[in-house]
Amino acid sequence: MMNNAENTMHEGENLIYDAVKDLTKDQLEQTVRKNAAAKNFALNDEHMSVIHSLIEHYKQDCKTRDCLAAHEHMRFLEEAYESKGGSKYLYMLFDAMPDTRGVLMPIHELAGLPALRLETDEGFGTAF
């Protein structure tokens, strides 16, 4: 029997993809705006652009594999927004949300998505 190390996903474990696969742009915006209002977080078009980019990334990239590890999604966003400053830009947008840290945690809270593993890097300071 061959061990397929690439496919470590178990039945029903594709939480991220399951959460976004049928999500429409309108549903996403409605959820994000409602959650942002509940947290008194001032949402703007830049926030929505990043959130939409991440959701589309999840829809395409997470269909056939587990996407719960945060680092690869952070790398995707850093590359996608490199022209605006990469992680510095992303942290500027999302690190100010109350009761969350980083970039992915606030996006997941706003969009009502399941939490990622290793969502925050405790050793990463904001030196910018």
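A quick note: this is a predicted structure, and the numbers were derived from the prediction, not measured.

A few points about the packing of helix H4 (residues 70–80) against helix H5 (residues 87–94)
Consideration 1: H5 packs onto H4 with a crossing angle of 105 degrees between their chain directions and a minimal axis gap of 8 Å. Comparing their axes, H5 and H4 come out roughly perpendicular. Between H4 and H5, the contacting residues are Met74, Leu77 and Glu78 on the first element and Ser87, Leu90 and Tyr91 on the second.
Consideration 2: Split into classes, the residues belonging to the contact of H4 with H5 amount to four nonpolar, one polar and one charged.

Focus on helix H2 (residues 25–38)
Quick reminder: α-helices carry 3.6 residues per turn. Residues three or four places apart thus point the same way.
Consideration 1: Helix length check: H2 (14 residues) gives 20 Å between terminal C-alpha atoms against 20 Å at 1.5 Å per residue, within 8%.
Consideration 2: The set of residues buried in H2 consists of Leu28, Val32 and Ala36. End-on view of H2: buried residues confined to an arc of 55 degrees, all on one side of the axis. For H2, exposure combined with an orientation more than 90 degrees from the buried face picks out Asp26, Gln30, Lys34, Ala37 and Ala38.
Consideration 3: Directly beyond the C-terminal end of H2, a positive phi value near 55 degrees is found at Asn40.

Brief notes about the packing of aromatic side chains
Consideration 1: Taken as a whole and judged by the stated rule, the model has one aromatic pair.
Consideration 2: Measuring from centroid to centroid gives 5.9 Å for Tyr81 and Tyr89, while their planes differ by 20 degrees, and the two rings are stacked.

Concerning the state of the cysteines
Consideration 1: One pass over the full model with this rule turns up one disulfide.
Consideration 2: In this model Cys62 forms its disulfide with Cys67; the gap between the sulfur atoms is 2.1 Å. For the disulfide bridge between Cys62 and Cys67, the dihedral angle about the S-S bond is near -105 degrees, and by the sign convention the bridge is left-handed. Across the pair, exposure class does not vary: Cys62 and Cys67 are buried alike.

Looking at the pattern of salt bridges
Think of it this way: side chains of opposite charge can pair up when their charged atoms draw near.
Consideration 1: This model, assessed by the stated rule, comprises six salt bridges.
Consideration 2: Between Asp18 and Lys21 there is a salt bridge; the shortest N-O distance is 3.7 Å.
Consideration 3: Given the relative accessible area of 40%, Lys21 is considered partly exposed.
Consideration 4: Here Lys59 and Glu56 are joined by a salt bridge, their closest N and O atoms 3.8 Å apart. Of the two residues, Lys59 and Glu56 are both situated in helix H3 (residues 45–61); the distance of three residues between them amounts to about one turn of the helix.

About the criteria used
Residues numbered from 1 in each chain as written. Predicted model: local features only at pLDDT ≥ 70, side-chain atom pairs only at ≥ 80, totals over all residues. Heavy atoms only, no water. Axes fitted to C-alpha atoms, helices over the stretch in contact; angles between N-to-C directions. Helix = DSSP H or I, 4+ residues; strand = E, 2+ residues; numbered from the N terminus. Parallel < 35°, antiparallel > 145°, perpendicular 65-115°, else oblique. Contact = heavy atoms within 4.5 Å. Nonpolar A, V, L, I, M, F, W, Y, C, P; charged D, E, K, R; others polar. Expected span 1.5 Å × (residues − 1). Buried < 20%, exposed > 50% of the residue type's maximum accessible area, 1.4 Å probe, protein only. Arc of directions from axis to C-beta. Phe/Tyr/Trp six-rings, centres within 6.5 Å; stacked < 30°, edge-to-face > 60°. Disulfide = S-S within 2.5 Å. Salt bridge = Lys/Arg side-chain N within 4 Å of Asp/Glu carboxyl O.

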